[in-house]
Amino acid sequence: MDNNYNKYCSGQLKLISDFDKINEIFEIVLKNHVNNQGSQNNNNNNIRILDIGCSHGKNSIIVLKPLIEQIRNKWNPNEKVIEIFHSDLPVNDFSNLFNQVYNLNSYSNKINNIFTYGIGNSFENQLVPNNSIDFIFSFSTLHWVPFLNEYKSFEGSLYNIAISDRLAGFENYYKERLLNTLNHRYNELKVGGIFSLIILIQEDKGSENEEKSKSLYNCLKNVKDILREMSYESILSIEEVENMVIPIVFFTRDEYQYAIDKSTNNTGLKLIYENRITTNWADSYQDDESFIGSFMAVAANFIKNAINGDKNRVDSIFNDFEQRFQFKCKLNPNDFQFHLSNLYLSFLKEK
């Protein structure tokens, strides 16, 4: 992520704005933790929370502070050890994360006996030992997918994973990937633990939100139009524009329902909460500057990484693009507005 991610992450935070539900779910986690204490070894009596996709930490800390408050209200000081695991890709700026974690306004100052760790690994892998975690959350992460050559195109959008159908050979890829993620989280949870997540979804054909779920593709098509213009002016090469892709996936109903059914039928996971959320990204930002900044915080690295040459060339071309984007965004803001459709799920490990 761009180094400005914390500054412009209000859009992601809006997806997880139902903090009453998060706190309600965490109450179940703590109740189950107490009930299971007699059957666990002393080391496993620690309360452990796994944050998947922490980035630079701002939204993670906002989620965690009321949860830590719940623990503080339930046990006496120093009575309960809490361990927080923040995970993201190895390239994540963990120094930035820990600067946030040990800030005076962070959760780390809420209670004694709290320990924090960083894990540089993909959510596609198991991140911690079996049966070790009480609560896992991942609220703006599981849409990221590996960059594949099949996504590359000079035409189309910066988001080039097909809206309504999948590339040949990828019909089962995304649903199996989501199922694999659920299976890893099942392994990591203690019995009685909960995994809460949000995924981006495609709305069903013919539904009232179908067009809204296509709006990000259309927004990013307009962005790529700017980059194509720059190639016509010989500022960028065709190959560079082809390589500019933001690798995210919106799961279809078939894909996420497959993963839910398979995981609940074949493991001890039980789906205990499901809610669909549709948000207008622009509503999270007070002005054009912050809205534009939010886009750059997500997209900048994917554009810069496709530009060949030394740092001076990369910075010069990106600054040119940024000025064009700002101008067009302010001139025709509706061309760059988009909605996101999300599915909020929580799974309890029963056995």
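Residues numbered from 1 in each chain as written. Predicted model: local features only at pLDDT ≥ 70, side-chain atom pairs only at ≥ 80, totals over all residues. Heavy atoms only, no water.

Caption draft 1: Here's a closer look at the overall build of the chain. Scanning the chain from N- to C-terminus turns up 11 helices and 7 strands. Out of the 351 residues in the chain, the part that is buried amounts to 54%. Considering only residue pairs separated by 6 or more positions, the chain has 84% of its internal contacts joining residues 24 or more positions apart. Summing over all exposed atoms, the chain offers an accessible surface of approximately 15700 Å²; the carbon and sulfur share of this is 45%. (Helix = DSSP H or I, 4+ residues; strand = E, 2+ residues; numbered from the N terminus. Buried < 20%, exposed > 50% of the residue type's maximum accessible area, 1.4 Å probe, protein only. Contact = heavy atoms within 4.5 Å. Areas by Shrake-Rupley, 256 points an atom, 1.4 Å probe, with all protein chains shown as cover.)

Caption draft 2: Broad picture of the sheet that holds strand β3 (residues 114-120). Taken together, the 7 strands give an open sheet; going across it, the order is β3-β2-β1-β4-β5-β7-β6, and neighbouring strands pair in mixed fashion. Two strands lie at the open edges of the sheet, namely β3 and β6 (269-280), each paired on one side alone. With direction set aside, neighbouring strand axes in the sheet form an average angle of 15 degrees. Pairing of strand β2 (residues 82-88) with β3, which is carried by 7 bridges, proceeds in the parallel orientation. Opposite Ser87, over in β3, you have Ile119 as the bridge partner. In the packing of helix α2 (residues 19-35) onto the sheet, the strands contacted are β1 (47-52), β4 (133-138), β5 (189-200), β6 and β7 (339-349), and the crossing angle to β5 comes to about 160 degrees. Helix α4 (residues 94-101) contacts β2 and β3 of the sheet and is inclined by roughly 165 degrees relative to β3. (Pairing = 2+ DSSP bridges. Axes fitted to C-alpha atoms, helices over the stretch in contact; angles between N-to-C directions.)

Caption draft 3: Broad picture of the pairing of β4. Among the 6 residues of β4, 6 are classified as buried, and the element is accordingly described as predominantly covered. Pairing of β1 with β4 involves 3 bridges; the strand directions are parallel. When the sheet's bridge partners are listed, Asp51 is paired in β4 with Phe137.

Caption draft 4: Up close: the pattern of salt bridges. Applying the stated rule across the entire model yields 17 salt bridges. Linking Lys21 and Glu24 is a salt bridge whose minimum nitrogen-to-oxygen distance equals 3.0 Å. In this pair, Lys21 and Glu24 both sit in helix α2, 3 residues apart, roughly one turn of the helix. Owing to a relative accessible area of 16%, Lys21 belongs among the buried residues under this scheme. Put simply, Asp315 and Lys311 hold a salt bridge, and the shortest N to O gap is 2.6 Å. Here Asp315 and its partner Lys311 are both found in helix α11 (residues 311-331), 4 residues apart, which amounts to about one turn of the helix. Residue Asp315 is classed as partly exposed on the basis of its relative accessible area, which comes to 24%. Under the relative-accessibility criterion, Lys311 is labelled exposed at 61%. The network of salt bridges with shared partners includes Glu210, Glu211 and Lys214. (Salt bridge = Lys/Arg side-chain N within 4 Å of Asp/Glu carboxyl O.)

Caption draft 5: Broad picture of the packing of helix α10 (residues 288-304) against α11. Taken N-terminus to C-terminus, the directions of α10 and α11 make an angle of 145 degrees; their axes are 11 Å apart at the nearest point. Note on packing geometry: the crossing formed by α10 with α11 is right-handed. Together, Asp288, Phe291, Ile292, Phe295, Met296, Ala300, Ile303 and Lys304 of α10 and Val314, Phe318, Phe321, Glu322, Phe325, Gln326, Cys329 and Lys330 of α11 make up the contact between the two elements. For the contact of α10 with α11, the per-class residue count stands at 11 nonpolar, 1 polar and 4 charged. (Left-handed = near helix turned anticlockwise from the far one by under 90°. Nonpolar A, V, L, I, M, F, W, Y, C, P; charged D, E, K, R; others polar.)

Caption draft 6: How the structure looks around the nonpolar core. Leu158, Leu220, Leu227, Phe295, Ile303, Phe321 and Phe325 are the most contacted members of the largest nonpolar core, which totals 38 residues. Looking at this core, the elements that each hand over two or more residues are α7 (215-232), α10 and α11. (Core = buried A, V, L, I, M, F, W, Y, C linked by side-chain atoms within 4.5 Å.)

Caption draft 7: Seen up close, the side chain of Asn92. As for its placement among the helices and strands, Asn92 is situated in the loop between β2 and α4. Setting aside its immediate chain neighbours within four residues, Asn92 contacts Cys54, Ser55 and His56.

Caption draft 8: Local environment of the confidence of the model for the chain. Overall, the predicted model of the chain reaches an average pLDDT of 87, with 90% of residues at or above 70. Note on residues 4-11: pLDDT is under 50 here. Beyond four places in sequence and across chains, it has 24 contacts. (pLDDT = per-residue confidence, 0-100.)

Caption draft 9: Molecular detail of α11. In this model, α11 (21 residues) spans 30 Å end to end at C-alpha, consistent with the 30 Å of a helix rising 1.5 Å per residue. Considered for burial, the residues of α11 that qualify are Val314, Ile317, Phe318, Phe321, Arg324, Phe325 and Cys329. Across the axial projection of α11, the buried residues extend over an arc of 130 degrees, all falling on one side. Those residues of α11 that are exposed and angled more than 90 degrees off the buried face are Asn312, Gln323, Phe327, Lys330 and Leu331. Buried positions along α11 lie against α7 and α10. (Expected span 1.5 Å × (residues − 1). Arc of directions from axis to C-beta.)

Caption draft 10: Molecular detail of unusual backbone geometry. The backbone of Asn131 shows a phi angle near 55 degrees, a positive value even though the residue is not glycine. Non-glycine residue Ser234 carries a positive phi angle of around 65 degrees. Relative to the assigned elements, Ser234 resides in the loop between α7 and α8 (238-242).

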